[in-house]
Amino acid sequence: MRYLKSFKWSILRETIIPHAVWEMVLMRAFLLWPFWIVVQRTVQGTQPRPNGIAHFVDLTWLANPSVQMVLNGVFWIAGALFVAGRWVIPALAIISAILVTKGTLINSQGATNHALQLITLVSLTMLATYCFRSKCGWTRYESHVRAVHWAKVMIAASYVSAAVCKLFASSEFWIARVPYMALQILKSNLQTYYTNLEKPSQVAENFAYWIVEHPYLARTLFGAGLLLELLCFLALINRWWALFIGLGMVGMHWMINVVMSLEFKHHVYLLLIFYVNAPWLFYAGLKWLRGKRSPAVVSAGVS
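Cut-offs and rules
- Numbers given to residues run from 1 along each chain, matching the order in which its sequence is written.
- Only residues with pLDDT of 70 or above have their local features reported here, since the model is predicted, and side-chain atom pairs are shown and tallied only from 80 upward, although totals for entire chains, interfaces and linings are computed over all residues.
- As a rule here, side-chain values come from all non-hydrogen atoms in the structure, and water together with hydrogens is ignored.
- Here a strand is any run of E in DSSP of at least two residues, a helix any run of H or I of at least four, and the numbering for each starts at the N terminus.
- Note on classification: 1.4 Å probe, protein chains only; a residue is buried when its accessible area is under 20% of the maximum for its type, exposed when over 50%, partly exposed between these limits.
- By definition, residues are in contact when any of their heavy atoms lie within 4.5 Å.
- Each accessible area is a Shrake-Rupley result for a 1.4 Å probe, and residues are judged covered by the shown protein chains and nothing else.
- Under this scheme, a helix contributes an axis fitted over its contacting stretch, all axes are lines through C-alpha atoms, and angles between N-to-C directions fall in the 0 to 180 degree range.
- Orientation categories follow fixed angle ranges, with anything under 35 degrees roughly parallel, anything over 145 roughly antiparallel, 65 to 115 roughly perpendicular, and all other angles oblique.
- Three classes are used, and their members are as follows: Ala, Val, Leu, Ile, Met, Phe, Trp, Tyr, Cys and Pro are nonpolar, Asp, Glu, Lys and Arg are charged, and the others, Gly among them, are polar.
- Helix crossings are classified by the rotation of the near helix relative to the far one: an anticlockwise turn of less than a right angle makes the crossing left-handed, while a clockwise turn makes it right-handed.
- Within 3.5 Å is the distance limit for a polar contact, defined as a pair of N or O atoms, with the added protein rule that one can donate a hydrogen and the other accept it, and that residues adjacent in sequence qualify only through two side-chain atoms.
- The aromatic pairing rule takes the rings of Phe, Tyr and Trp, using the six-membered ring of Trp, and pairs them if the centres are within 6.5 Å, calling planes under 30 degrees apart stacked, those over 60 edge-to-face and the rest tilted.
- Only buried Ala, Val, Leu, Ile, Met, Phe, Trp, Tyr and Cys residues count toward a nonpolar core, and they belong to the same one when joined by side-chain atoms within 4.5 Å.
- Without a salt bridge and with relative accessible area above 30%, a residue can belong to a patch; like charges are then joined within 9 Å and nonpolar side chains (Val, Leu, Ile, Met, Phe, Trp, Tyr) within 5 Å.
- For this document, the term salt bridge refers to a Lys or Arg side-chain nitrogen within 4 Å of an Asp or Glu carboxyl oxygen.
- The pLDDT score gives, residue by residue, the confidence of the prediction method on a 0 to 100 scale.

(A) Representation of the overall build of the chain. A tally of regular secondary structure across the chain gives 14 helices and 0 strands. Starting at the N terminus and ending at the C terminus, the chain contains elements arranged as α-α-α-α-α-α-α-α-α-α-α-α-α-α. Buried positions account for 41% of the 303 residues belonging to the chain. The contacts of the chain with a sequence gap of at least 6 include a subset with a gap of at least 24, amounting to 73%. Carbon and sulfur atoms form 67% of the exposed surface of the chain, whose accessible area is close to 16700 Å².

Shown next as structure tokens:
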């Protein structure tokens, strides 16, 4: 009973993990890769169906090759400052502006998607956190820790809100509609085929028929994924919860990619950087093997 009570309060209490400086430097460095994927992405110079700020601003100039070269150079200068932890606010403001404008133009091509939504929200959330530094009187270290913490909060909030929408935005209870996912899987794989001429794997083709033949097992499988999304906030308790939730979410995205050819690589990168945190896991493993666990870095995140 005592452990249950302790667990309950650990969920309700905000836990800000005191990451080491080298951890946060690596997190910011790794974060540049998903940022870069968006920045260097080729876009069309049209916005037939304006989305967001494209209703008010013409963003087609972003498709100009000369503009792209300038953006690439500006991004890496801002990225270097961001990783070094110097002039973070202007550096991250530049990166966020590029992500927002380029993502808006991509979503104005006629097919709106949310593949870039989370990566952009994480960038804006970290920027907002750094902007509060002067008001809260945080030190530079505290600012970086808070920025990482709120990036984790945004990731959790994104998955929880997605799960809640599945439950309440559908005309029926979402779990009851799982067998209809077979049609969606076939449609998604056909779209990929007609777009890239890449034939879906045999697993993807068979999975749609498996759902129809085993509706209750399918509901159990998809229900587990839904439950994982709903409980994503548990990753905020400590490092180990973040690791388990992160690995589970990465596995879920891998399965979605296999059976539906839907690749959310930006989401996976964020989960690996902030939740799985492989560099710290490697460091903790070495400490454990040597029998010299660090109370300042390792134990602090487990409490």
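(B) Representation of the side chain of Glu 229. Considering the arrangement of structural elements, one finds Glu 229 in helix α10 (residues 215-230). Accessibility expressed as a relative area gives 5% for Glu 229, which makes it buried. Here Glu 229 is in contact with Tyr 159, Val 160, Ala 163, Lys 166, Met 249 and Met 252, once residues within four sequence places are set aside.

(C) Region of interest: the packing of helix α5 (residues 117-131) against helix α12 (residues 265-276). Their axes nearest at 9 Å, the elements α5 and α12 cross at an angle of 45 degrees. Considered as vectors, α5 and α12 are oriented oblique to each other. Along the contact surface, α5 presents Leu 118, Ile 119, Val 122 and Met 126, while α12 presents His 266, His 267, Leu 270 and Phe 274. Here the residues of the contact of α5 with α12 sort into 6 nonpolar, 2 polar and no charged.

(D) Geometry of the packing of helix α7 (residues 140-168) against α12. Close contact between α7 and α12 brings their axes to 10 Å; oriented N to C, the two are set at 135 degrees. Our classification of the angle between α7 and α12 gives oblique. Seen along the crossing, α7 lies across α12 with a hand that is left-handed. Contact residues: α7 offers Val 148, Ala 151, Lys 152, Ile 155, Ala 156 and Tyr 159, while α12 offers His 267, Leu 270, Leu 271, Phe 274 and Tyr 275. Among the residues making up the contact of α7 with α12, the classes are represented as 9 nonpolar, 1 polar and 1 charged.

(E) Summary view of the environment of Ser 108. Inspection of the secondary structure puts Ser 108 in the loop between α4 (88-106) and α5. Aside from chain neighbours lying at most four places away, what touches Ser 108 is Thr 46, Gln 47, Pro 48, Arg 49, Pro 50, Asn 51 and Ala 54. Looking at Ser 108, its side chain comes within polar contact range of the main-chain nitrogen of Asn 51, at 3.0 Å.

(F) Spatial organisation of the packing of aromatic side chains. In this structure the tally under the stated criterion is 5 aromatic pairs. Ring centres of Trp 240 and Trp 280 lie 5.2 Å apart, and the angle between their planes is 65 degrees; this geometry places the pair in the edge-to-face category. Taken together, the positions of Trp 240 in helix α11 (residues 239-260) and Trp 280 in helix α13 (residues 278-290) put the pair 40 residues apart, joining distant regions of the chain. Among the aromatic residues, ring-to-ring pairing joins Trp 36, Phe 75 and Trp 76 into one connected group.

(G) Region of the structure containing the nonpolar core. In terms of nonpolar packing, the biggest core is built from 52 residues, with Leu 31, Phe 35, Phe 82, Met 126, Ile 155, Phe 274 and Tyr 275 touching the most fellow members. Looking at this core, the elements that each hand over two or more residues are α2 (21-39), α3 (65-84), α4, α5, α7, α11 and α12. In terms of nonpolar packing, the next biggest core, distinct from the first, is built from 9 residues, Val 178, Met 181, Phe 207 and Ile 211 among them.

(H) Spotlight on a nonpolar patch on the surface. Together, Phe 282, Leu 286, Trp 288 and Leu 289 make up an exposed nonpolar region whose accessible area comes to about 500 Å². Its location among the elements puts Trp 288 in helix α13.

(I) Inspection of unusual backbone geometry at higher detail. With a phi close to 50 degrees, Trp 87 is a non-glycine residue in the positive phi region. In this structure, Trp 87 sits in the loop between α3 and α4.

(J) Summary view of the confidence of the model for the chain. Chain-level pLDDT for the chain is 81 on average; 83% of the residues reach the 70-or-more range. Counting interchain partners and residues more than four positions distant, the pLDDT-below-50 stretch residues 295-303 has 20 contacts.

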